[in-house]
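# Observations on the three-dimensional arrangement
Spelled out, the chains give:
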Amino acid sequence: MASQYVSLSLFLLVSLICSCLPLSTSRPAFACVGNARNFPFCRTTIPIHKRVQDLIGRLTLGEKIRLLVNNAAPVPRLGIQGYEWWSEALHGVSNIGPGTKFGGNFPAATSFPQVILTAASFNESLWEEIGRVVSDEARAMYNGGTAGLTYWSPNVNIYRDPRWGRGQETPGEDPVLASKYAARYVRGLQQPYGPGGLRLKVAACCKHYTAYDLDNWNGVDRFHFNAKVSKQDLEDTYNVPFKACVVEGKVASVMCSYNQVNGVPTCADPELLKNTIRGAWGLNGYIVSDCDSVGVYYDTQHYTATPEEAAADAIKAGLDLDCGPFLALHTQAAVEQGRLKEVDVDLPLAYTLTVQMRLGMFDGEPANQPFGHLGPEHVCSPDHQRLALEAARQGIVLLKNDRQVLPLDRNRFRSVAVIGPNSDVTVTMIGNYAGVACRYTTPLQGIGSYVKTTHQRGCNGITCSGEQPIEAAVAAARQADATILVVGLDQSKEAEFKDRESLLLPGRQKELVDKVAMASRGPTVLVIMSGGPIDITVSKNDPRVPSILWVGYPGQAGGQAIADVIFGAHNPGGKLPMTWYPQDYVKKVPMTNMAMRADPSTGYPGRTYRFYKGPVVYPFGHGLSYSRFVHSLAEAPPTTFSVPLDGRHFASQNSTFSAKAVKVTHAKCTGLHLGVNVDVRNVGDMDGAHTLLVYSSPPMGDWAPQKQLVGFHKLYVPAKSQTRVAVGVHVCKDLGVVDNHGNRRIPIGEHQLHIGDLTHTVSLQAETARLEIGS
């Protein structure tokens with residue numbers, strides 16, 4: 001414990017010294033200083049597109065090609081320095097990627113909870129605030145010359161399969177949840193400003209587009225995988241968060257993935273890139289490959305016969321930047337062979353250079369620009385570290401609390417045995433794609449700040465195989481007033497390149513839980529630290545384990561957040577952002593099957609709460625509180641509602657034809673809202689935050705999910721008080737479903753709205769329409 005305070009004191013001293021350093025230690029300007037300021041592309045009074053046009057016109061073909069890759073080469077004759085595009089900021093500035101270096105004035109950065117736990121807060125304003133803080137620290141490090149301004153985050157892939165090692169990086173399994181997270185985190189990172197919000201604080205990137213959610217399973221890896229996906233599932237599930245990134249979040253970049261989709265590498269598919277991202281969605285930014293994706297589809301997937309053909313396919317498909325050397329090596333030859341024209345190279349450069357100019361990289365001295373004041377004192381600041389603690393608190397999910405054992409009364413439970421392989425960990429708490437944390441508070445330290453503790457790991461690591469000190473842990477539990485078991489996973493079991501084979505606790509961890517719970521003199525609190533779900537059915541049904549918490553990978557302050565929840569300083573309000581399946585699920589479902597919907601003819605049970613038909617350990621959206629919240633409808637929408645059609649789709653008044661569904665493109669969707677006002681009352685004795693989840697269940701049909709999330713609202717409700725919330729339900733957007741042709745439709749008939757624990761029925765009718773049922 002003493003060493004922790006010594007290291008903290010040293011860190012604060014270093015921070016204090018760093019905060020006093022003059023800005024002369026900051027990075028030199030990227031471009032446009034000295035004589036270079038006279039070039040038209042350096043004049044900030046000229047529109048950006050004109051500046052970009054001027055710069056491209058001054059570059060040779062060779063110079064252009066060396067700007068097509070992540071480690072873009074300098075152009076000394078124009079006063080332009082080299083630039084590394086690859087930096088990461090998934091849940092804090094990371095040192096994954098060569099664009100960011102820790103050390104010197106910037107020894108660390110605030111490490112927030114892994115995304116899957118932050119998503120469990122269902123708090124949109126929190127997500128945006130985390131993004132804003134991360135961008136503060138990113139800009140400060142850029143000003144200090146240790147980071148870039150282009151961050152390839154967030155990961156918004158749908159968490160389709162519970163075994164996926166990178167599911168921890170995502171906002172979960174629901175497209176609406178993932179979309180809202182994506183848009184808000186991107187806005188927080190980018191902090192657009194200036195006329196039309198054109199200028200950016202940093203540039204975010206949504207990845208990995210698309211249908212990417214397998215790393216290495218049963219002999220199939222992401223470099224060889226061909227994801228066979230229906231138009232229905234692409235439109236209904238996989239592409240939804242990416243569209244939100246572009247359309248709502250105004251993201252500056254999208255990253256294409258390693259895998260193929262229906263036989264075509266995503267980074268070589270003009271339908272996915274040029275036609276969809278840039279065309280239909282209107283991306284104002286650049287498209288980048290996952291690292292060496294172009295090389296992968298040539299060398300590994302053997303998609304093209306020559307490297308020049310691979311380079312030409314990527315650029316023609318709409319790829320603007322290659323993370324990797326492939327385009328730098330082979331684009332010149334592709335031009336010489338006539339597969340590309342020089343103008344084909346100009347277009348991707350226009351997109352990447354535009355983003356750099358929006359970031360101010362061609363505006364001269366960084367210290368004189370917006371955000372030029374940010375420095376070492378703005379990294380790991382007390383406010384930022386408090387936000388990391390608050391984010392962890394808000395995400396923690398109370399799965400079980402029989403007999404209201406939690407919160408523990410520290411006046412009654414004066415001694416606690418803290419047990420488990422994750423009970424005193426540090427780096428485990430920050431998950432993957434993390435940086436160097438400002439400091440750590442482990443679970444043992446957090447719990448020790450409330451009560452006297454005894455500590456036994458019970459398992460020397462989460463693998464927990466062979467001889468383990470389980471009996472020492474059992475003896476400690478016998479002597480304590482209460483026992484807190486911290487078990488789960490780490491990056492050795494779930495990570496990039498590593499998918500899980502089992503949903504059970506690894507090794508002898510279950511034996512540890514069972515024996516400690518049986519021996520414990522007082523109540524046993526089980527804490528699950530993991531990214532993915534774990535089948536803990538036995539503990540769920542064990543009366544000797546009255547309370548269970550899931551804490552994800554809770555970030556640098558995770559131990560304090562866990563203790564604050566256990567001892568009642570924080571009333572838990574997190575909800576699961578993914579379904580927790582039983583172990584039998586993975587025996588029936590190969591990771592390679594991309595279909596979302598169940599297929600009774602083959603016994604395929606489907607995926608996620610929207611389509612899965614089978615037993616669960618805990619459902620999506622599950623999460624308890626120390627309070628009880630009661631809902632009542634203050635204002636309900638009408639029980640019948642007409643969907644107006646545009647003039648081209650009216651039928652004659654004498655028609656008796658009735659449609660099963662109306663195409664969204666045939667409806668007048670503007671202003672088509674159902675107004676719902678809900679009163680939420682906290683009838684408990686503790687103030688608390690409450691997540692109001694709103695679902696819809698459409699009429700049954702081949703296209704229809706069982707239910708789907710419409711929206712959610714995070715409310716803070718003091719004890720014994722009531723709050724009213726307006727729940728907006730947009731008929732076209734929220735009640736629409738996607739048919740098997742990929743068309744979004746509004747089903748005609750009875751829709752069930754599930755608002756908290758309330759249900760309201762709305763019958764939708766089309767206005768005297770004649771529609772082609774299968775069109």
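Residues numbered from 1 in each chain as written. Predicted model: local features only at pLDDT ≥ 70, side-chain atom pairs only at ≥ 80, totals over all residues. Heavy atoms only, no water.

## What to know about the overall build of the protein chain
Formally: Going along the chain from the N terminus, every DSSP run of H or I of four or more residues is numbered as a helix, and every run of E of two or more is numbered as a strand. Only C-alpha atoms enter the radius of gyration; for comparison, a globular chain is expected to reach 2.2 Å times N to the power 0.38, where N is the number of residues. What makes two residues a contact is simply this: any of their non-hydrogen atoms within 4.5 Å. For accessible areas, the Shrake-Rupley method is used with a probe of radius 1.4 Å. Any residue's cover is judged against the shown protein chains and nothing else. For the purpose of counting charges, residues Lys and Arg are taken to be positive, whereas Asp and Glu are taken to be negative. His and the chain ends are not included. Where a charge lies is defined by one atom per residue type: Lys uses NZ, Arg uses CZ, Asp uses CG and Glu uses CD.
Along the protein chain, the regular secondary structure elements total 22 helices and 27 strands. At 27 Å, the protein chain has a C-alpha radius of gyration in line with the 28 Å of a compact globule built from 775 residues. With the C-alpha coordinates aligned to their principal axes, the bounding extent of the protein chain is approximately 80 × 75 × 50 Å. A separation threshold of at least 6 residues defines the contact pool for the protein chain, and within that pool the share at least 24 residues apart is 78%. If you sum the accessible surface of the protein chain, you get close to 27,900 Å²; carbon and sulfur atoms cover 52% of it. In the protein chain, the 73 positive side-chain charges and the 69 negative ones have mean positions that sit 3 Å from each other.

## Topic: the nonpolar core
Let me state the cut-off plainly: To qualify as a nonpolar core, a set must consist of buried Ala, Val, Leu, Ile, Met, Phe, Trp, Tyr and Cys residues joined through side-chain atoms within 4.5 Å. For every residue, the accessible area obtained with a 1.4 Å probe (protein chains only) is divided by the maximum for its type, and the residue is called buried under 20%, exposed over 50%, and partly exposed between those limits.
Within the largest apolar cluster, 202 residues are counted, with the highest numbers of intra-cluster contacts made by Trp152, Phe362, Trp550, Ile566 and Trp580. Top element by residues in this core is helix 5 (residues 124–143). It accounts for 9 residues. Within the second largest apolar cluster, 29 residues are counted, among which are Leu645, Cys669, Leu672 and Leu753.

## Details of helix 16 (residues 470–479)
For the record, the criterion: Throughout, the arc means that of the directions going from the helix axis to the C-beta atoms.
Listed in full, the buried residues belonging to helix 16 are Ile470, Ala473, Val474, Ala476 and Ala477. All buried residues of helix 16 lie within an arc of 160 degrees about the axis, which places them on one face of the element. Where helix 16 is buried, its residues meet strand 12 (415–419), strand 13 (452–456), strand 14 (482–488) and helix 17 (509–519).

## Some thoughts on the environment of Thr441
Position of Thr441 relative to the elements: it lies in the loop between strand 12 and helix 15 (443–448). Residue classification places Thr441 among the buried residues on the basis of a relative accessible area of 11%. Taking C-alpha positions, Thr441 is 33 Å from Gly249, a pair spaced 192 residues apart along the chain.

## Let's talk about the pairing of strand 18 (residues 640–643)
Applicable threshold: Strands pair, by our definition, only if DSSP identifies at least two bridges between them.
Residues Phe641 and Val643 line the buried face of strand 18, whereas the alternating positions Thr640 and Ser642 sit on a face that is not buried. In terms of strand pairing, strand 18 meets strand 27 (residues 758–766) through 4 bridges, oriented parallel. Bridging from a neighbouring strand, Ser642 pairs with Gln765 of strand 27.

## Details of the confidence of the model for the protein chain
Spelled out, the test is: Predictor confidence is given residue by residue as pLDDT, running from a minimum of 0 to a maximum of 100.
Chain-level statistics for the protein chain give a pLDDT mean of 93 and a share of 94% at 70 or above. Confidence over residues 1–24 falls short of pLDDT 50; this stretch has 21 contacts with residues more than four positions distant or in other chains. This stretch, residues 769–775, has a pLDDT under 50; its non-local contacts, to residues over four places away or in other chains, come to 24 contacts.

## Focus on unusual backbone geometry
Cis geometry marks the peptide bond from Ser153 to Pro154, where omega comes out at 10 degrees. Take Pro154: it is sitting in the loop between helix 5 and helix 6 (175–190). One non-glycine residue, Cys380, lies in the positive phi region at around 60 degrees. You can see Cys380 is positioned in the loop between helix 13 (342–358) and helix 14 (382–395). Looking at Cys380, the relative accessible area reads 5%, which means it is buried.

## Let's talk about helix 17
Those residues of helix 17 that fall on the buried side of the exposure criterion are Gln509, Leu512, Val513, Asp514, Val516, Ala517 and Ala519. Residues of helix 17 that are buried make contact with strand 12, helix 16, strand 14, strand 15 (524–529) and helix 18 (537–540).

## Considering the packing of helix 14 against helix 19 (residues 558–566)
Where we set the bar: Axes here mean lines fitted to C-alpha atoms, for a helix over just the part in contact, with angles spanning 0 to 180 degrees between N-to-C directions. Geometric relationships in this document are graded by angle, where less than 35 degrees denotes roughly parallel, more than 145 denotes roughly antiparallel, 65 to 115 denotes roughly perpendicular, and other angles denote oblique. Less than a right angle of anticlockwise turn of the near helix away from the far helix marks a crossing as left-handed, whereas a clockwise turn marks it as right-handed. Throughout this entry, Asp, Glu, Lys and Arg are counted as charged residues, while Ala, Val, Leu, Ile, Met, Phe, Trp, Tyr, Cys and Pro are counted as nonpolar. The remaining residues, Gly among them, count as polar.
The geometry of helix 14 relative to helix 19 is characterised by a closest axis approach of 8 Å and an angle of 50 degrees between their N-to-C directions. By the angle class used here, helix 14 and helix 19 are oblique. Between helix 14 and helix 19 lies a crossing whose hand is right-handed. In this structure, helix 14 uses Leu389, Ala392 and Arg393 to contact helix 19, whose residues at the interface are Gln560, Ala561 and Asp564. Along the lines of polarity and charge, the residues of the contact of helix 14 with helix 19 split into 3 nonpolar, 1 polar and 2 charged.

## Here's the deal with the sheet that holds strand 19 (residues 661–663)
Spatially, 3 strands are ordered 19-25-24 in an open sheet, and the strand pairing comes out antiparallel. Looking at the sheet topology across the chains shown, the edges are occupied by strand 19 and strand 24 (737–738). Inspection of the sheet shows strand 24 paired to strand 25 (residues 744–747) by 2 bridges, in the antiparallel sense. For Val737, the partnering residue across the bridge sits in strand 25 and is Arg745.

## A short note on the packing of helix 5 against helix 6
With their axes 7 Å apart at the nearest point, helix 5 and helix 6 run at an angle of 35 degrees to one another. When the axes of helix 5 and helix 6 are compared, the crossing they make is right-handed. Residues Glu124, Ser125, Trp127, Glu128, Ile130, Gly131, Arg132, Val134 and Ser135 of helix 5 lie in contact with helix 6, whose contacting residues are Leu177, Lys180, Tyr181, Arg184, Tyr185, Arg187, Gly188 and Leu189. Tallied by class, residues from the contact of helix 5 with helix 6 come to 7 nonpolar, 4 polar and 6 charged.

## Regarding a positive patch on the surface
Our working definition: Residues forming no salt bridge and having over 30% relative accessible area are the ones grouped into patches, like charges within 9 Å of each other and nonpolar side chains (Val, Leu, Ile, Met, Phe, Trp, Tyr) within 5 Å. Definition used for salt bridges: Asp or Glu carboxyl oxygen within 4 Å of a side-chain nitrogen of Lys or Arg.
There is a patch of like positive charges on the surface, built from Lys274, Lys316, Arg339 and Lys341. Inspection of the secondary structure assignment puts Arg339 in the loop between helix 12 (326–336) and helix 13.

## A look at the pattern of salt bridges
For the structure on display, the rule yields 38 salt bridges. Measuring nitrogen to oxygen at the nearest pair gives 2.9 Å for the salt bridge that ties Arg58 to Asp54. Note that Arg58 and Asp54 are positioned in helix 2 (residues 48–58) at a spacing of 4 residues, about one turn of the helix. Taking relative accessible area as the criterion, Arg58 reaches 30% and is therefore assigned partly exposed. Across the pair Arg166 and Glu169 runs a salt bridge, and its minimum N-O distance is 2.7 Å. Each of the two residues, Arg166 as well as Glu169, counts as buried. One continuous salt-bridge network, built from bridges that share partners, spans Arg166, Glu169, Asp215, Arg222 and Glu496.

## Here's the deal with the state of the cysteines
Put simply, the rule reads: When the sulfur atoms of two cysteines come within 2.5 Å, that pair is taken as a disulfide.
Summed over all chains, the structure comprises 7 disulfides. The disulfide that involves Cys669 links it to Cys732, with 2.1 Å between the sulfurs. The S-S bond linking Cys669 to Cys732 shows a torsion near -90 degrees; that makes this disulfide left-handed. Of this pair, Cys669 sits in the loop between strand 19 and strand 20 (673–682) while Cys732 sits in helix 22 (residues 731–734), and the two are 63 residues apart along the sequence. Classification of Cys669 as buried rests on a relative accessible area of 18%.

## Let's talk about the environment of Ser87
How we decide: Pairing of N or O atoms within 3.5 Å defines a polar contact, subject to two protein rules: one partner must be a possible hydrogen donor and the other a possible acceptor, and residues neighboring in sequence count only if both atoms are side-chain atoms.
The residue Ser87 is located in the loop between strand 2 (83–84) and helix 4 (115–119) in this model. Its relative accessible area of 0% is what places Ser87 among the buried residues. It is 6.4 Å that separates the C-alpha atoms of Ser87 and Gly148, two residues lying 61 residues apart in sequence. In this structure, Ser87 is in contact with Ile96, Gly99, Thr100, Gly148, Thr150, Tyr151 and Trp152, ignoring residues within four places of it in sequence. Polar contacts involving the side chain of Ser87 include one to the side chain of Thr100, which spans 3.2 Å.

## Digging into the environment of Val729
Looking at where Val729 falls in the secondary structure, it is placed in strand 23 (residues 722–730). By relative accessible area, which is 1% here, Val729 ends up buried. Filtering out sequence-adjacent residues up to four positions away, Val729 remains in contact with Leu672, His673, Leu674, Val710, Asp734, Leu735 and Leu753.

## A word on the sheet that holds strand 15
Read from one edge of the open sheet, 6 strands run 11-16-15-14-12-13, paired in mixed fashion. Strands with a single pairing partner mark the edges of an open sheet, and in this sheet they are strand 11 (397–401) and strand 13. In this sheet, neighbouring strand axes are inclined to one another by 20 degrees on average, regardless of whether the strands run parallel or antiparallel. Across 4 bridges, strand 12 lies against strand 14 in parallel orientation. In the sheet register, Val416 faces strand 14, and the bridge partner there is Ala482.

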